[in-house]
Amino acid sequence: DSHIQYERVGADVTMKCGSMDWDAAVTWTANGTDIDESHLNGSYLILKNVDLSQSGQYSCYEGSSWHLKYQTSLRVGTPPKEPVLMCRSNNYPKGFYCSWHLPTPTYIPNSFNISVIHGTKDMVCEKDAVPKNRCHIRYLQLFSTVKYKVTLTVTNPLGKNFTTLTFDEFAIVKPDPPESVVAKPVPNNPRRLEVSWQNPSSWPDPDSFPLKFFLRYRPLILDQWQHVELSDGTSHTITDAYAGKEYIIQVAAKDNDIGTWSDWSVAVHATPWTEEPKHLTTEAQITETTSASTSSFMAPPTTKICDKGAVVGS
Amino acid sequence: MAAADSPSAALRRRDLCSRGIRLAGKMRADVVDLLDAYVEQQGLDASASVAAVEGVPQAAVERWDEQTGTQRLLENLAAYRAFRALLAQMLEEQREQLGEADAGLGRALAAVLLQVSAFAYHLEELLRLESRGIPGEEEEEEEDGLPPPPRLSLFEQKLRGLGVLRELAQWAVRSVRDLRQLAKPSPATGTAPGLAESP
């Protein structure tokens, strides 16, 4: 007979050759390769302190007739640790989703079961095809003070574990970041940048459930961010940008009344408008330009007339 | 049915709605602060689950998005009238138990009570705007026909107070959402729809 055998990493494993007696002459193979006699105790195969690499197909043949008497697929793995569970509403008030993962791999198949209870009511968590470790729950009620209790149980042939989350409806509301963030210089304004963005497409009803936004920006040459909070609208003009410096800009969103801030949006870069440099062409134009500009040049107020380098306007 | 919606009535409603949204937003912030102070001073566990307390209007609602404007306003009004009575009772109990020992909590309670009363009046104004009959307070009491609540133990009073403030905080958010719905221009006319129709 052939079947799957699960064993924990580090376990000692004994395999019998089907119904063969202990003292029968047999041959054992692992993935088709003969196993050394040192691993045998009579016709039993003994594997000490197994590790992951010893997973494989083990077969036992009767004496010299090569008649297959026993076959098993050994799977070495671990029981599941407490799963990491996260629930979040990024499309409030439609519903929320829960997603989970195991902190460490088990190397053998696991099955997950999730239960969502609201007060005394069992709620359905509709599994997503992809990603597999995620499911959705529709809000049947809004504005409830009753907490939600979500329990995720993970089971595999070597063990079982679970995690429970209890939360309020409002606490898990966290929009996705704003989308289509665009930053542009403002012509003839060396200290301005115009930033615009859109509500996250996953947020279903911005009219009834408006989002507010948080904008952060800084010149690449500095580490310190500047922040501004905006309670309506999806654009803002930065008016205190350093002239000529490239800026990095990001936006975050939050429901106007409840929940937490989204992650920061994708960063965009922009540099404020700068005056086009005047191009020097032929000699004549230079002379002409120089005489024209000298007559209009005024010494900056801080320069003293008697300064060596000072150029006196005529 | 609500009076056909003249532009001036629509503008007036929008104005009342936006003022109501600000009032509810402020009220919510104050209630959340009061809730924190109440939990601490009454020695309660902030995460304790409080079963639905009889007589405390539940903010939880199903198919909220399908409600008409009139339903929203009438349910809001009934709730804030109930909270007015509940907060007044809490204030009374507070004074009995603690006297002046805890004037801070009493003042905060009184301030929220004032806001709840103002908000109830604001809702009545909105209903009047729609020449919609405003249910008299006596009518509601008759409808309830409930016998006066039994005398609660001190701990039960505290738990009920927690339940009242929690529900009120939820109601304040719901009211903001309801008023936003009412203020929304209807796709066809571009003006806020009459209450009976507005989803």
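As shown above, the structure is provided for reference.
Residues numbered from 1 in each chain as written. Chains lettered and ligands numbered in written order. Predicted model: local features only at pLDDT ≥ 70, side-chain atom pairs only at ≥ 80, totals over all residues. Heavy atoms only, no water.

### So, the overall build of chain B
Here is the rule: Think of it this way: any DSSP run of H or I at least four residues long counts as a helix, any run of E at least two long counts as a strand, and we number them from the N terminus. Accessibility here uses a 1.4 Å probe with only protein chains present; expressed as a share of the type maximum, an area under 20% marks a residue as buried, one over 50% as exposed, and anything in between as partly exposed. Only heavy atoms matter for contacts: two residues are in contact if any of them lie within 4.5 Å across the pair. Here the Shrake-Rupley method, with its probe set to 1.4 Å, supplies the accessible areas, and only the displayed protein chains count as covering residues.
A count of helices and strands for chain B gives five helices and one strand. Counted from the first residue to the last, chain B has its helices and strands arranged as α-β-α-α-α-α. When each of the 199 residues of chain B is scored for burial, the buried share is 46%. In chain B, 85% of the contacts between residues at least 6 apart in sequence involve partners at least 24 apart. Of the accessible surface of chain B, which amounts to about 9600 Å², a share of 57% is contributed by carbon and sulfur atoms.

### Observations regarding the packing of helix α3 (residues 103–129) of chain B against helix α5 (residues 154–183) of chain B
Two quantities define a packed helix pair, namely the angle between the axes and the distance from one axis to the other. All names here are of chain B. Heads up, the rule is: Fitted lines through C-alpha atoms serve as axes, helices being fitted only where they are in contact, and the angles separating the N-to-C directions of these axes extend from 0 to 180 degrees. For classification, angles of less than 35 degrees are called roughly parallel, those exceeding 145 degrees roughly antiparallel, those between 65 and 115 degrees roughly perpendicular, and all remaining angles oblique. Take the far helix as the reference: if the near one is turned anticlockwise from it by less than a right angle, the crossing is left-handed, and if turned clockwise, right-handed. Residues were grouped as follows: Ala, Val, Leu, Ile, Met, Phe, Trp, Tyr, Cys and Pro as nonpolar; Asp, Glu, Lys and Arg as charged; and all remaining residues, including Gly, as polar.
Running from N to C, α3 and α5 point in directions that differ by 30°, and their axes come no closer than 13 Å. Between α3 and α5, the angle falls in the class roughly parallel. Here the hand of the crossing between α3 and α5 comes out left-handed. Contacts between α3 and α5 involve Val112, Val116, Phe119 and Leu126 from the former and Leu168, Ser175 and Leu179 from the latter. Residue composition of the contact of α3 with α5, grouped by class: six nonpolar, one polar and no charged.

### As for helix α1 (residues 7–41) of chain B
Convention followed: A helix is expected to span 1.5 Å for every residue after the first.
For α1(B), spanning 35 residues, the distance from its first C-alpha to its last is 50 Å, which sits close to the expected 51 Å at 1.5 Å a residue. Positioned one or two residues after α1(B), Gly43(B) has a phi angle of 65°, which is positive.

### So, the pairing of strand β11 (residues 111–118) of chain A
All names here are of chain A. Here is the rule: Criterion used throughout: strands pair if DSSP finds at least two bridges between them.
Examined bridge by bridge, β11 and strand β16 (residues 148–156) share eight bridges and lie antiparallel to one another. Paired with phenylalanine 112 across the two strands is valine 154, which belongs to β16. As paired strands, β11 and strand β12 (residues 121–123) are joined by three bridges and run antiparallel to one another. Residue pairing in the sheet places valine 116 in a bridge with methionine 123 of β12. In this antiparallel pair of consecutive strands, β11 and β12, the connection spans two residues, and glycine 119 shows a positive phi of 65°.

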